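# Breakdown of the fold
Listed here are the chains, written in short residue letters.
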Amino acid sequence: MADVVFDQASRIYTAGAKPAVDRLDLTVSDGEFVVLVGPSGSGKSTALRMLAGLEEIDGGSIRIDGENMVGVSSKDRDIAMVFQNYALYPNKTVGENMAFPLKMAGVEKSARAEKVREAAAILGLTDYLDRKPRALSGGQRQRVAMGRAIVREPRVFLMDEPLSNLDAKMRVSTRTEIAALQRRLGVTTVYVTHDQVEAMTMGDRVALLADGKLQQFATPADLYDRPANAFVAGFIGSPAMNLFTVPLTERGVRLAGHELALPRDVRATLGTHQITEVTLGIRPEQWTVTDSGTEGIPARVDVVEELGSDAFLYGTLAESTGDLSDDSAVLTGSGQDAVVVRTGGRSGTRRGDRIALTPSVEGLHLFHPESGERL
Amino acid sequence: MTVTEATPQAPPERPAERGNARKEGWIRRAPLLPALIFTIIVTQLPFLVTIWYSLQSWNLVRPGSQRFVGLENYATVFTDSQFRGVALNSIILTLGAVFIAMILGLAIALLLNRAFVGRGIVRTLIITPFLITPVAGALLWKTVMFDPTYGLVNFVLGPFGADQTDWISTFPRAAVIVALVWQWTPFMMLLILAGLGSQPAEVLEAARMDGANGFAVFREVTLPHLRRFIELGVVLGAIYLVNTFDTIYMMTQGGPGTASANLPFYIYQRAFLGFDIGESAAMGVVTVVATIIVATLALRLIFRSFSAAEEA
């Protein structure tokens, strides 16, 4: 049990090049489940490996329980890690794999067997203790890797995309199991994933990284409702938030020829930034769909994704004067006017239909057009 | 992960199709036939002829002495104490050279598996002994290294009182083993390096995270991973080294007496210096049969450990 602090921690692979992790500040409280998420190359795995002691800390420091970890080797950090490919010892049986950290810690053989039995019972591996890893399925191997981590009751668990080698169904069930296990054991956990669904469902708090820099560190709900910048807004949520660069007008902003009124205080804030344009974000579920010709921004539906419980419409916004008859001109999802809308399932909307869209005013997110910061 | 899938059942073949398949099989194999026939002529026929000779009493020094004696030569071979001594020499030379070369190769491979400046050059230099003709290598050890007067070994060990020691006649077997080890260490090193390269980095990292120090990582994780590579090196090295001739011929001529002779060299001595064709043929047959038995067992061991390839 311990808290983990990244204090301006940096990793620079080659001198002069862009740091893989750039002055990362992160505080993980005791017992907390924190997810590091980001696109590939964002430095999330590197940050985790720095905490594990598998990568140098080139600047700043990382503290576990107040102890500075710079120069401390992995084996002395008292942390356990679950690797993406599980990294089981192929020549050892499941039981020996799980007992290995205890053996290295000099725990007596009978005590080792006892702890392995306990962990195996929790993970449902009791029948497999004498098998070699190659005789196990992917999900079972994953559990052995978990078992190897939990038997030694470390201060911190690290998990590097532990679900990415499982099939989709297994991933969902294991996701819940890991989260439940972590709550039960109460061990501080840092979990890396590129999958924002995993991040949102598992973490107490989520740290979103891009280009080695921390973008936002908040609870999943905050991340969704109040993204700190346009990058976070675009990354979290599936399908992604619709982002438009729109001109400011007297009463608000103009989107596809339609003026959207903004509350007075918001306009006042915008006024302090001396900008003429703004990045406007609207989540797919924040649109109201009505029939063509009614009040709203006219749009054409290009693709309908029917998911059962709801449906996603991929369409193109039209200027009020614009002409949408030229079907071949637009590629779905590209360009300034592409829009994604969530509607209830079986809405009856078809490809090629004309509709009118109205965003809800509370659902508008405004970002600086250049820096991307939330306004 | 091994998933056993149901292989789709081939439809039952009709006789005409089977005939066609056989014909096609022969068309495909026919181009290999000359090579196969050639191989049989140069390897299997001489062996049959050797078996025939081994059943004769035939010494080239006494013309006209050739006559059929049945298994008498074999009886002589098995009661010949010199033959038993030479057989033991063969085992000592082969196993000694193979195991020492393997241990050194393993150590050097572990060192070379780290990143350092000039690694490529060092690796190339270490491989060179394997590229040198065995005869040249043996000559080098006999003259440049072990010569009692001018040899480098005595020059270096001189201050420690090793002055004027004739290493080759004092320790003939050890001297041959040293030359063989020098030549075969690079081969073992290359095999082990390949093995180290095939080890996933994640497993090593996992072991470090699990609290293992450098030696524990080696003993618990790396060595078990290298086991099949070590087995392969030992078996290939043994199969090759059991036939060593050139090194012994150049360095010791099997001497003093038969102190450093192995089976191939002793057979050569009996056949081409003693001219006893019958007896040396019998020895040859015994050696071949013994080698086939050992090699079969050893190869089976390799194939087993490689077919049970350890994934995960």
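Predicted model, so just to flag it, every value in this text is computed and none were measured.

Scanning chain B from N- to C-terminus turns up 14 helices and two strands. The 312 residues of chain B split such that 29% are buried. Across chain B, the fraction of contacts at a sequence separation of at least 24, relative to all contacts at a separation of at least 6, is 69%.

Let us now look at the overall build of chain A. Within chain A, the regular secondary structure consists of nine helices and 20 strands. Across its three principal directions, the C-alpha atoms of chain A cover 80 × 45 × 35 Å. Pairs at least 24 residues apart make up 68% of the contacts formed inside chain A by residues separated by at least 6 positions.

Our focus in this paragraph is the confidence of the model for chain B. All names here are of chain B. Across chain B, the average pLDDT comes to 85, with 92% of residues at 70 or higher. Counting contacts from residues 1-8, a segment whose pLDDT is below 50, to residues more than four positions away or on other chains yields two contacts. Interface confidence in the predicted complex, given as ipTM, is 0.79; pTM for the same model is 0.77.

A pair of packed helices is characterised by two quantities: the angle between their axes and the separation of those axes. Residue and element names in this part refer to chain A. Remark: helix α3 (residues 109-123) packs on helix α4 (residues 138-150), axes separated minimally by 10 Å, with the N-to-C direction vectors making an angle of 140°. Here α4 runs oblique to α3, going by the angle between their axes. Judged by the sense of rotation from one axis to the other, the crossing of α3 with α4 is right-handed. On α4, the residues touching Ala 119, Ala 120 and Leu 123 of α3 are Arg 143, Met 146, Gly 147 and Ile 150.

This next bit is on the sheet that holds strand β15 (residues 287-291) of chain A. All names here are of chain A. With respect to topology, five strands assemble into an open sheet ordered β15-β19-β16-β17-β18, the strand pairing being antiparallel. Each edge of the open sheet is held by one strand with a lone partner, namely β15 and β18 (338-344). If you compare each strand with its neighbour and ignore which way they point, the axes differ by 45° on average. One ladder, built from five bridges, connects β15 with strand β19 (residues 354-359); its direction is antiparallel.

Let's shift gears to the interface of chain B and chain A. Of the residues lining the interface, 19 residues belong to chain B; the matching set on chain A comes to 23 residues. Only α10 (201-209) and α11 (214-241) of chain B provide two or more residues apiece to the side of chain B that touches chain A. When residues of the side of chain B that touches chain A are assigned to their parent elements, the largest contribution, six residues, is made by α10(B).

Residue and element names in this part refer to chain A. The six strands lie next to each other as β6-β7-β8-β3-β9-β10, forming an open sheet whose pairing is mixed. Of all strands in the sheet, those bounded by a partner on one side alone are β6 (79-82) and β10 (213-218). Averaged over all neighbouring strand pairs, the angle between strand axes comes to 20°, with direction disregarded. Relative to strand β8 (residues 188-193), strand β3 (residues 33-37) runs parallel, the two being bridged by five bridges. Each residue of the ladder has a partner; that of Val 34, found in β8, is Val 190. Against the sheet, α4 engages β6 and β7 (156-160), with an angle of about 175° to β6.

Further remarks concern the UniProt feature "transmembrane region" (unreviewed entry) in chain B. UniProt's feature table lists "transmembrane region" (unreviewed entry) at residues 32-55, 91-112, 124-141, 174-196, 229-251 and 281-303 of chain B, given in the numbering used throughout. Taken end to end, residues 32-55 of chain B is 92% helix and 0% strand, and its first and last C-alpha atoms sit 34 Å apart.

Reading guide: rules and limits
Residues numbered from 1 in each chain as written. Chains lettered and ligands numbered in written order. Predicted model: local features only at pLDDT ≥ 70, side-chain atom pairs only at ≥ 80, totals over all residues. Helix = DSSP H or I, 4+ residues; strand = E, 2+ residues; numbered from the N terminus. Buried ≥ 20, exposed ≤ 12 C-beta atoms within 10 Å, placed from the backbone. Contact = placed C-beta atoms within 7 Å. pLDDT = per-residue confidence, 0-100. Axes fitted to C-alpha atoms, helices over the stretch in contact; angles between N-to-C directions. Parallel < 35°, antiparallel > 145°, perpendicular 65-115°, else oblique. Left-handed = near helix turned anticlockwise from the far one by under 90°. Pairing = 2+ DSSP bridges. UniProt positions renumbered as here; feature names shortened; annotations may be inferred.

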